[in-house]
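Results of the structural survey
Next come the chains, spelled out residue by residue.
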Amino acid sequence: LTRTPSWLEAVEARRAARRSGDQTGFTIFQAFLATVKSAVGPAVLYMPKGFEEGGLAFSLGMLLLSYALFGLGASRLLESWDRERRSYAGLMGQAFGIRGIYLCRVTIVLQQCGICLTYFIFVATNLRELAAYATGKTPSLATCCMLQLACYVPLAWIRNMQNFATTNLIANACILYSLVVLCAFATIRIVDAPPAPASLRLFNQNAFYLFVGTSAFVYEGSAALVVPLQEAVRPELRERFPRMYIRTCGGIIATYICFGILNWAAYGKDTQTVLTVDLPRGPWKASVQVAYTLAVIFTFPLQLYPAIQILKSVGRKLKRLTVGRSLADVRGSAGYAAVAGTGGSASTANPLAPADSAPTAPGSPPRPRTSKREGNFARSLVVVALCGVAVMEVDNLDKLVALVGGFLGIPLAFVYPLAIHLRLVPDAPRATQLLNRVCIVVGVVLAVMCSAVTVATWGSS
């Protein structure tokens, strides 16, 4: 179980061939823009509520700790990649075999689905406010969640992510506009009614644990994009990417801190998880809610895409195994492989391998074909399932953010990269190895404690 699967070698060989044949790539500035795009999203609006939940001192400490762990994990992951030149899942497979690949892919699927769950609730909250402003009637959050299916289901059918290039620019412009307006209104509110220092608590003993997960959620799955971004940079510029990436993420966290403190100081105990709700009713509030709603709708298929790809590969492998068993039953007890005079393909034994992970060996069951209609139906089921969960948990957005960040974000960003480095860079200095082990323990403790307390207090206000 700890060896590297043969299908993984084939996948990584093809990835290396594609990279060697591609002479283009990102400049450092383009990589900077891609880094900002991958890390900045609706999570920035959760920061003011996060400061209210954790308190000023605890929230600042957790954000700095999360940045330190994230930066260390990213640098260790890139150092491991420099030796092995594999994908994130490939590095996990090289370090821990098939178990590492299972763990990495399951974590990515659950995290991306969790982020999409928060998108459902975020948009529903804004849609309800917009409906009340435009018509005077307030629909339920559950209804607003279900209405989003009309947008998300067709968007999930799109296979080529390059089709979202224009919508990505629109989404970024919408986010920038919304943040500027939110900061302007918060500044005006503070000038008109300065907050009392006593209202800004240093530590909130009743809900501080929620901010542990929120501090990891703010990266919104960007940990899984570190390696793809590094690979996308031009070969002669790759040495400069790690430093740029770490500094850019530091700038993003500094911006989150300033934005969170400013808006928390403006609204105090009345701060809502979805910050747009705090704006005074009027056209400015409506414009911000429309802008951020559009940004999240356009971002939804991009966040769901990694999970869809992994689930698609699982479905194809399971389908191929089913076809193989059916052929074996038809051709006799000796099995299809025996009739063909070969032992079959190793890739059929792993339902989590990519669908194109290995060529069909002689004697292997034929590669199953999935029609576009079948694929669209499966994608629709995933979106509908997410909508159903969002409807059930529509009043627990802060808990969802904490759970996704604590249970999934912390391992993927803080723990796995350090564990990979320990295995793949065994000649690292002893001090480096010791630091890796200490940070792994810290990450595991934070993940377990945050997740356990969040689940134990689920449903409480």
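The rules behind these values
- Residues numbered from 1 in each chain as written.
- Predicted model: local features only at pLDDT ≥ 70, side-chain atom pairs only at ≥ 80, totals over all residues.
- Heavy atoms only, no water.
- Helix = DSSP H or I, 4+ residues; strand = E, 2+ residues; numbered from the N terminus.
- Buried < 20%, exposed > 50% of the residue type's maximum accessible area, 1.4 Å probe, protein only.
- Contact = heavy atoms within 4.5 Å.
- Areas by Shrake-Rupley, 256 points an atom, 1.4 Å probe, with all protein chains shown as cover.
- Core = buried A, V, L, I, M, F, W, Y, C linked by side-chain atoms within 4.5 Å.
- 1 Å grid on protein atoms, 1.4 Å probe; cavity = no way out; pocket = protein on both sides within 12 Å on 5 of 7 lines; lining within 4 Å.
- Points joined across faces, edges and corners; volume = space filled by probe spheres on them.
- Nonpolar A, V, L, I, M, F, W, Y, C, P; charged D, E, K, R; others polar.
- pLDDT = per-residue confidence, 0-100.
- Expected span 1.5 Å × (residues − 1).
- Arc of directions from axis to C-beta.

1. Some points on the overall build of the protein
The helix and strand tally for the protein stands at 16 helices and zero strands. Within the protein, the proportion of its 461 residues that are buried is 52%. For the protein, long-range pairs separated by at least 24 residues make up 85% of all intrachain contacts whose partners lie at least 6 apart in sequence. In the structure as shown, the protein presents an accessible area of about 20600 Å², 65% of it carried by carbon and sulfur atoms.

2. Let's talk about the nonpolar core
Among the nonpolar cores identified, the biggest contains 117 residues, and Leu45, Phe300 and Leu304 are the most heavily contacted of them. Among the elements that line this core, the one with the most residues is helix α5 (residues 88-135), at 18 residues. Residues in contact with phenylalanine 300, not counting those within four places in the same chain, are Cys116, Tyr119, Phe120, Tyr152, Val383 and Leu386.

3. Brief notes about empty space enclosed by the protein
A complete count under the given rule lists four cavities of 30 Å³ or more for this structure. Lining the largest cavity are 13 residues, with Gln111, Ala216, Glu220, Gly221 and Gly409 positioned closest to its centre. Among the elements of the structure, α5, α9 (208-217) and α15 (397-424) are those that each provide at least two residues to the lining of the largest cavity. Considering each element in turn, the lining of the largest cavity owes the most residues, five residues, to α15. A breakdown of the residues in the lining of the largest cavity according to their chemical character gives eight nonpolar, four polar and one charged.

4. Section: the side chain of serine 80
With respect to the element layout, serine 80 can be found in helix α4 (residues 56-84). Ignoring sequence-local partners within four residues, the contact set of serine 80 consists of Leu91, Ile420, His421, Leu424 and Val425.

5. A look at the confidence of the model for the protein
Across the protein, pLDDT averages 82, with 83% of residues at or above 70. The model gives residues 1-7 a pLDDT under 50, and that stretch makes 25 contacts with residues more than four places away or in other chains. Counting interchain partners and residues more than four positions distant, the pLDDT-below-50 stretch residues 333-359 has 66 contacts.

6. Examining helix α14 (residues 372-392)
Taking 1.5 Å per residue, 21 residues should reach 30 Å; α14 reaches 30 Å between its end C-alpha atoms and fits that length. The complete set of buried residues in α14 reads Gly375, Asn376, Arg379, Ser380, Val383, Leu386, Cys387 and Ala390. Down the axis of α14, the buried side of the element spans an arc of 135 degrees, and every buried residue falls inside it. In α14, the exposed positions angled more than 90 degrees off the buried face are occupied by Arg373, Phe377 and Met392.

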